[in-house]
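The primary structure of each chain is shown beneath.
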Amino acid sequence: GDLDKVVNLVLSLSGRLARVETALGSLGPQAPAEDKLVLREKQRLLVAQLEDAKELKEHVGRREEAVGAMVARYLPAEHLQDYQHFIKMKSALIAEQRELEEKIKMGQEHLRCLRESL
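Position numbers for residues count from 1 along each chain, tracking the sequence in the order it is written. For a predicted model such as this one, the threshold for reporting local features is a pLDDT of at least 70, and the threshold for listing and counting side-chain atom pairs is 80 or more; totals across whole chains, interfaces and linings nevertheless cover every residue. To get the side-chain values, all heavy atoms of the structure are used, and hydrogens and water are removed first.

1. Concerning the nonpolar core
Then, in step 1: What is meant by a nonpolar core is a set of buried Ala, Val, Leu, Ile, Met, Phe, Trp, Tyr and Cys residues, joined one to another through side-chain atoms within 4.5 Å. Remark: exposure states derive from per-residue accessible area (1.4 Å probe, protein chains only) relative to the maximum for the residue type, with buried under 20%, exposed over 50%, and partly exposed in between. Among the nonpolar cores identified, the biggest contains 15 residues, and Leu3, Val10, Leu13, Leu46 and Leu50 are the most heavily contacted of them.
Then, in step 2: Helical segments are the DSSP runs of H or I of at least four residues, strand segments are the runs of E of at least two, and each set is numbered from the N terminus. For this core, the secondary structure elements donating two or more residues are α1 (2-26), α2 (33-74) and α3 (77-117).
Then, in step 3: Among the elements that take part in this core, α1 stands out by supplying eight residues, more than any other.
Then, in step 4: Residue contacts are counted whenever heavy atoms from the two residues lie within 4.5 Å of one another. What Leu50 contacts, discounting residues up to four positions off in sequence, is Val10, Leu13, Ser14 and Leu17.

2. Focus: the UniProt feature "domain: ASD2" (unreviewed entry) in the chain
Then, in step 1: UniProt positions are given in the numbering used here, feature names are shortened, and annotations may be inferred rather than shown by experiment. If you check UniProt for "domain: ASD2" (unreviewed entry), the listed places come out as residues 1-118 in our numbering.
Then, in step 2: Between the end C-alpha atoms of residues 1-118 there is a gap of 45 Å, over a span that is 92% helix and 0% strand.

3. Thoughts on α2
For an α-helix, the turn length of 3.6 residues means that residues three or four places apart are oriented alike.
Then, in step 1: Expected span, for any helix, means 1.5 Å times one less than how many residues it has. The first and last C-alpha atoms of α2 sit 61 Å apart over 42 residues, in line with the 62 Å expected at 1.5 Å per residue.
Then, in step 2: Among all positions of α2, only Leu39, Leu46, Leu50, Ala53, Val60 and Gly68 are buried.
Then, in step 3: Next to the buried residues of α2 lie α1 and α3.

4. A look at the domain arrangement of the chain
Then, in step 1: Domain start and stop positions are those given by an automatic or database domain assignment. Along its sequence, the chain is organised into domain 1 (1-74) and domain 2 (77-117).
Then, in step 2: For domain 1 and domain 2, the distance between their C-alpha centroids amounts to 15 Å.
Then, in step 3: Across the interface of domain 1 and domain 2, roughly 1,100 Å² is buried in total on both sides, 64% from carbon and sulfur atoms.
Then, in step 4: Interface area lost by domain 1 to domain 2 is led by Asp4, Leu11 and Arg19, which between them contribute 38%.
Then, in step 5: Any carboxyl oxygen of Asp or Glu within 4 Å of a side-chain nitrogen of Lys or Arg constitutes a salt bridge here. Run the count over domain 1 and domain 2 and you get one salt bridge. A simple way to read buried area is as the amount of 1.4 Å-probe accessible surface that goes missing from two parts once joined, with both sides added.

As structure tokens, then:
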């Protein structure tokens, strides 16, 4: 459960950071300095939060290894391989699902912008 939450947190922060960086990149030279300052402050905060989330993910990873070692003592080799595969696939699938959700949001946002520009 903790792994799910941490992976979602890292992916959420990464997505938010990407959107802020895209917004910063799309600001023209005539954009108000205040807008740029606000986006740069958001970027700075998101980078710090992302670093914290990555540290948290490393901590959860170490806990996962400790739990895996305990589980290894009690499960036969076949079941242990199934358990390890499940854990790896769960993280990968969570990341993939989140990535697809972000791509859908970005696509919808691009469509909205295109419709507005027409």
